[in-house]
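One letter stands for each residue in the lines below.
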Amino acid sequence: MVSLFGNKTAGWVGVDIGSSSVKLVSLSQHGQSYQVDTYAIVALPPTAVVDGSVENQSEVSEAIERGLKICGGKLKNAIVAVPSSAVITKRLEISNVFTGLELEEQVKIEADQFIPYALDEVALDFEVIGPVEKAPSLNEILLVACRRDDVARREESVNGAELKCDIVDVDTFSTERVLPLLEEFDPEALVGLVDIGAATLTLNVFRNGKVVYNREQAFGGNELTNAIHQQYGMEATEVEKQLRNGELDAEIMEMLVLPFRQSVIQQASRALQFFYSSGIQSQLNELYLAGGTASIEGLADMMQEEIGVPTHVANPFKNIRIGSRLNQERLMKDAPMLVKACGLALRSFDR
Ligand SMILES: Nc1ncnc2c1ncn2[C@@H]1O[C@H](COP(=O)(O)OP(=O)(O)OP(=O)(O)O)[C@@H](O)[C@H]1O
Ligand SMILES: [Mg+2]
């Protein structure tokens, strides 16, 4: 029997391959709303992912495999993302006489003119947006291009964990999908989202729910982890575990973790200044903080005070159902880290 409210897409998992850990999220759709069924966060050795690129495939596969075990099996199809920094997107205008294979050929010819790599090294994808307003005989095409190697390494890491990598997305697009799940989100507003991970700080700005600006800076929680390692001799993986679990010694919290908020604010403000000077003039209406480093106590309030824009820690699970096997309190703490994986999991509903 077909159940309208049943678990519509069992078996799909969003896999976010970060530099310090892989994050897995699996969702199901129940009527109009979603449920988070399972998730896992598994630490990676520092050699696995460097500068956003998978350097050691088997280490990543092993971590994904461990994540699948935590999730309890049954997950078969994966959605991964390449970082937007590895991707070139461009809007093209192409005559609407071209369709199908002819259109593909035409896109390739145009792409060849601005992509700085040989076309056979590049994975290309495109979407027909619709007729150009002022010249309806032309179609607006969104082209996405990425080095084949970047895509292949991610695909193979996932396939090596007995999953089938069915969709490779771009991380900014996955974040777009999460926005409607965030509290206070106004679809018409100019919304910023700063992801502060272990190695990279990324600012995305969205208007009408679509990304209009993207910038990455080399900054993240690694600076804090390294400082703790140097001063207290703790291993980096242990520091990260204790930070996540809220188990770190009160003295270290006081001396290093809380003061680190100032550096985060400085770096995030710097990213915002670049945005404001980029020509998209208006002031942000709302700012969200995501990524593991966003969890430092009091960060959002301090950020709000500094920049004068309402600031929240991003939690895509606040208003959706939570699977009965999950620890709700733990999920709420892990939520900002899971934003990207959640956006990837959401992709399973618009295949
Ligand atoms: N409660 C917390 N307080 C402070 N820092 C935290 C906390 N929880 C996690 N972190 C830090 O967050 C970082 C990991 O965040 P995240 O998982 O978003 O990064 P990543 O995706 O692996 O890295 P990147 O996106 O830079 O490649 C680590 O540096 C970790 O120490
Ligand atoms: Mg990350």
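Quick caveat: nothing in here was measured; it's all calculated off a predicted structure. (Residues numbered from 1 in each chain as written. Chains lettered and ligands numbered in written order. Predicted model: local features only at pLDDT ≥ 70, side-chain atom pairs only at ≥ 80, totals over all residues. Heavy atoms only, no water.)

Draft legend 1. Local environment of the site of ligand 1. Every one of the 21 residues lining ligand 1 counts as a neighbour, but Ser19, Ser20, Lys23, Ala199 and Gly292 are closest to it. Here an oxygen atom of ligand 1 and a side-chain polar atom of lysine 23 are 2.7 Å apart. Within the backbone of threonine 293, an N or O atom sits 3.3 Å from an oxygen atom of ligand 1. Isolated, ligand 1 exposes 660 Å² of accessible area, and the fraction of that covered by the protein chains is 91%. Element by element, the count of residues in the shell around ligand 1 is highest for helix H6 (residues 236–245), at three residues. Grouping the amino acids of the shell around ligand 1 by side-chain chemistry returns five nonpolar, 13 polar and three charged. (Near = heavy atom within 4 Å. Polar contact = N/O pair within 3.5 Å; in protein donor to acceptor, adjacent residues only side chain to side chain. Areas by Shrake-Rupley, 256 points an atom, 1.4 Å probe, with all protein chains shown as cover. Helix = DSSP H or I, 4+ residues; strand = E, 2+ residues; numbered from the N terminus. Nonpolar A, V, L, I, M, F, W, Y, C, P; charged D, E, K, R; others polar.)

Draft legend 2. Region of interest: the environment of glutamate 235. Among the structural elements, glutamate 235 can be located in the loop between helix H5 (222–232) and H6. Note: C-alpha distance between glutamate 235 and aspartate 171 (64 residues apart in sequence) is 30 Å.

Draft legend 3. Inspection of the domain arrangement of the chain at higher detail. Looking at the assigned domains, one finds that the chain contains domain 1 (1–181 + 319–351) and domain 2 (184–314). Of note, the centres of domain 1 and domain 2, computed from C-alpha atoms alone, are 23 Å apart. With 19 residues of domain 1 at the interface, the matching set in domain 2 holds 23 residues. A per-residue breakdown of the area domain 1 buries against domain 2 is headed by Glu176, Leu179 and Pro336, which together make up 34% of the total. Inspection of the domain 1/domain 2 interface yields two salt bridges. For aspartate 334, the salt bridge goes to arginine 244, with nearest N and O atoms at 3.4 Å. For the pair domain 1 and domain 2, the interface holds seven residue pairs in polar contact (both at pLDDT 80 or more). (Domains from an automatic or database assignment. Contact = heavy atoms within 4.5 Å. Buried area = accessible area lost by both parts, 1.4 Å probe. Salt bridge = Lys/Arg side-chain N within 4 Å of Asp/Glu carboxyl O.)

Draft legend 4. Spatial organisation of the nonpolar core. Membership of the largest hydrophobic core comes to 32 residues, with the highest contact counts inside it found for Val194, Leu203, Ile228, Leu284 and Leu287. Looking at this core, the elements that each hand over two or more residues are strand S11 (190–196), strand S12 (200–207), H5, helix H7 (250–276), strand S14 (286–290) and helix H8 (299–307). Per-element tally for this core: the top contributor is H7, with 10 residues. Other than its neighbours up to four places away in sequence, isoleucine 228 contacts Gly233, Met234, Val239, Leu248, Ile252, Leu256 and Val257. Tyr34, Val36, Leu179 and Leu193 belong to the second largest nonpolar core, which has 31 residues in total. (Core = buried A, V, L, I, M, F, W, Y, C linked by side-chain atoms within 4.5 Å. Buried < 20%, exposed > 50% of the residue type's maximum accessible area, 1.4 Å probe, protein only.)

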